[in-house]
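# Coordinates in review
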Amino acid sequence: MAVISRGFGARRRDSDPHLPPGQYLTEDFPVLSAGPTPRIDTADWRFGIRTETGGGASWTWDEFLALPIEDIHTDIHCVTRWSKLGTSWRGVSLDTLLDAVDTEASYAMAHSYGGYTTNVPLDELRDGQAWVAFEFDGEPLDPEHGGPARLLVPHLYFWKSAKWVRGLTLMDEDEPGFWEQNGYNMHGDPWTEERYW
Ligand SMILES: Nc1nc2c(c(=O)[nH]1)N[C@H]1C(S)=C(S)[C@@H](COP(=O)(O)O)O[C@H]1N2
Ligand SMILES: [Mo]
């Protein structure tokens, strides 16, 4: 027993195959916000998608919760180098939300209550890769972590996962969001370390 537990303790945590290059593991859930935490009453909450042709769709909180809800188990990776493995969320797939609109667009800008924006190629939001999440670890999402609901795009660096998300604008041409205008990558793949421009 002693040998086994010592072996576990000595395991190189930074060699975990789930850990992208240049990242370290954390058990905490750090809060990273560029400004104050907005407080959004679910009675006032809306999520909307605006397409490149001016069409769109929008959901109230109750309409949103009536959509198919998925359990998500995933790793998350922040560009400031922490990664958290095996996190649990519930949310609505972007596939479900995007099904409600007609679009030929290639890019999306996520907009948040509070003014934060981040751009993501639309293909990165499809095929079971992204959600609007409203629960973390079986509890309603904390306001500090983006509650009532946040974008969850776990295969990209976590700055793409806009907290307090209120909608997407679909675009033919890519445009930089908040951090992207400040030098962060337009794409943000942690496995190829697309951190900055
Ligand atoms: N609206 C909003 N979303 C945001 C941010 C922010 O400042 N505002 N920070 C981003 C960054 S840089 C990271 S790493 C994650 C942090 O999420 P957390 O605070 O839940 O860990 O949220 C992302 N989404
Ligand atoms: Mo981040």
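Reading the values: rules and limits
- Here the residue index of a chain counts from 1 through its sequence in written order.
- Think of it this way: whatever chain is written first is A, whatever ligand is written first is 1, and the rest follow in order.
- This being a predicted model, a pLDDT of at least 70 is required before a residue's local features are given, and a value of 80 or more before pairs of side-chain atoms are given or counted; all residues contribute to the totals for chains, interfaces and linings.
- With hydrogens and water stripped out, all remaining heavy atoms of the structure feed into the side-chain values.
- Think of it this way: one heavy atom of a residue within 4 Å of a molecule or strand is enough to make that residue near it.
- Whenever two N or O atoms come within 3.5 Å, that pair is a polar contact, provided that in protein one can donate a hydrogen and the other can accept it, and provided that, for residues adjacent in sequence, both atoms are side-chain atoms.
- In these tables, accessible area is a Shrake-Rupley quantity obtained with a 1.4 Å probe, and a residue counts as shielded only by the protein chains included in the view.
- All residues other than Ala, Val, Leu, Ile, Met, Phe, Trp, Tyr, Cys, Pro, Asp, Glu, Lys and Arg, Gly among them, are scored as polar; the first ten of these are nonpolar and the last four charged.
- Each patch is assembled from residues with relative accessible area greater than 30% and no salt bridge, linking like charges that lie within 9 Å and nonpolar side chains (Val, Leu, Ile, Met, Phe, Trp, Tyr) that lie within 5 Å.
- Salt bridge, as used here: a side-chain nitrogen of Lys or Arg that lies within 4 Å of a carboxyl oxygen of Asp or Glu.
- In this tally, Asp and Glu contribute negative charge and Lys and Arg positive charge; neither His nor the terminal groups of the chain are included.
- Taken as the charge centre is NZ of Lys, CZ of Arg, CG of Asp or CD of Glu, depending on the residue.
- Secondary structure follows DSSP: runs of H or I at least 4 residues long count as helices, runs of E at least 2 residues long count as strands, and numbering of each begins at the N terminus.
- Relative accessibility decides the category of a residue: with a 1.4 Å probe and only protein chains considered, values under 20% of the type maximum give buried, values over 50% give exposed, and everything between is partly exposed.
- Among buried residues, the Ala, Val, Leu, Ile, Met, Phe, Trp, Tyr and Cys ones that are joined through side-chain atoms within 4.5 Å form a nonpolar core.
- Contact between two residues is taken to exist if any of their heavy atoms lie within 4.5 Å; hydrogens are not considered.
- Pairing between two strands is assigned when DSSP locates at least 2 bridges connecting them.
- Between the N-to-C directions of two axes lies an angle of 0 to 180 degrees, each axis being a line fitted to C-alpha atoms and, for a helix, fitted only over the stretch in contact.

The name given to the protein chain in an unreviewed UniProt entry is DMSO/TMAO reductase YedYZ molybdopterin-dependent catalytic subunit, and the organism recorded there is Microbacterium kyungheense.

## Concerning the site of ligand 1
Around ligand 1 sit 19 residues, and of these Pro30, Ala34, His145, Arg150 and Lys163 come closest. Within the backbone of Ala34, a nitrogen or oxygen atom sits 2.6 Å from an oxygen atom of ligand 1. The side chain of Arg150 places a nitrogen or oxygen atom 2.7 Å from an oxygen atom of ligand 1. When ligand 1 sits alone it has 530 Å² of accessible area, and the protein chains cover 97% of it. Considering only residue class, the shell around ligand 1 consists of 13 nonpolar, 4 polar and 2 charged.

## Observations regarding a negative patch on the surface
Together, Asp102, Glu104, Asp172, Glu173 and Glu175 make up a negatively charged patch on the protein surface. Relative to the helices and strands, Asp102 resides in the loop between α3 (94–98) and β6 (107–112). Looking at Asp102, the relative accessible area reads 70%, which means it is exposed.

## Description of the nonpolar core
Counting 38 residues, the largest nonpolar core has Phe47, Phe64, Leu94, Leu97, Leu125, Val132 and Leu170 as the members making the most contacts within it. Of all the elements in the fold, those that place two or more residues in this core are β2 (46–50), β3 (56–60), α2 (61–65), α3, β6, β8 (131–136) and β11 (165–171). Setting aside anything within four residues of it in sequence, one finds Leu94 in contact with Leu125, Ala130, Trp131, Val132, Leu151 and Leu168. Core analysis: the second largest hydrophobic core is formed by 12 residues, Phe29, Cys78, Ala133 and Leu152 among them.

## Some details on the pairing of β11
The buried count for β11 comes to 5 of 7 residues, which makes it a mostly enclosed element. Note that β2 and β11 share 3 bridges and pair parallel. Its bridge partner lying in β11, Gly48 is registered against Gly167. Direction of pairing for β6 relative to β11: antiparallel, over a ladder of 6 bridges. When the bridges of β11 are listed, Ser112 appears paired with Val165.

## Describing unusual backbone geometry
Going from Gly147 to Pro148, the amide bond is cis rather than trans, its omega being 15°. Position of Pro148 among the secondary structure elements: in the loop between β9 (139–140) and β10 (150–152). Positioned with a positive phi, Arg81 is a non-glycine residue whose angle comes to about 95°. Looking at the element boundaries, Arg81 is found in the loop between β4 (70–77) and β5 (82–93). Since its relative accessible area comes to 36%, Arg81 is described here as partly exposed.

## Considerations on the sheet that holds β6
Pairing is mixed in the open sheet, where 5 strands are placed in the order β3-β2-β11-β6-β7. The two strands at the open ends of the sheet, each matched to only one other strand, are β3 and β7 (117–121). Between one strand axis and the next, the sheet turns by 15° as a mean value, whatever way the strands run.

## Side note on the side chain of Thr74
The residue Thr74 is located in strand β4 in this model. If we skip the residues at most four places from it in the chain, Thr74 touches Lys84, Leu85, Gly86, Thr87, Trp89 and Pro154.

## Things to note about the environment of Thr96
Inspection of the secondary structure assignment puts Thr96 in helix α3. In this structure Thr96 comes out as partly exposed when scored by relative accessible area, which is 22%. On a C-alpha basis, the gap between Thr96 and Gly128 in space is 9.6 Å, while along the polypeptide they are 32 residues apart. Those residues in contact with Thr96, other than ones at most four positions away along the chain, are Leu67 and Pro68.

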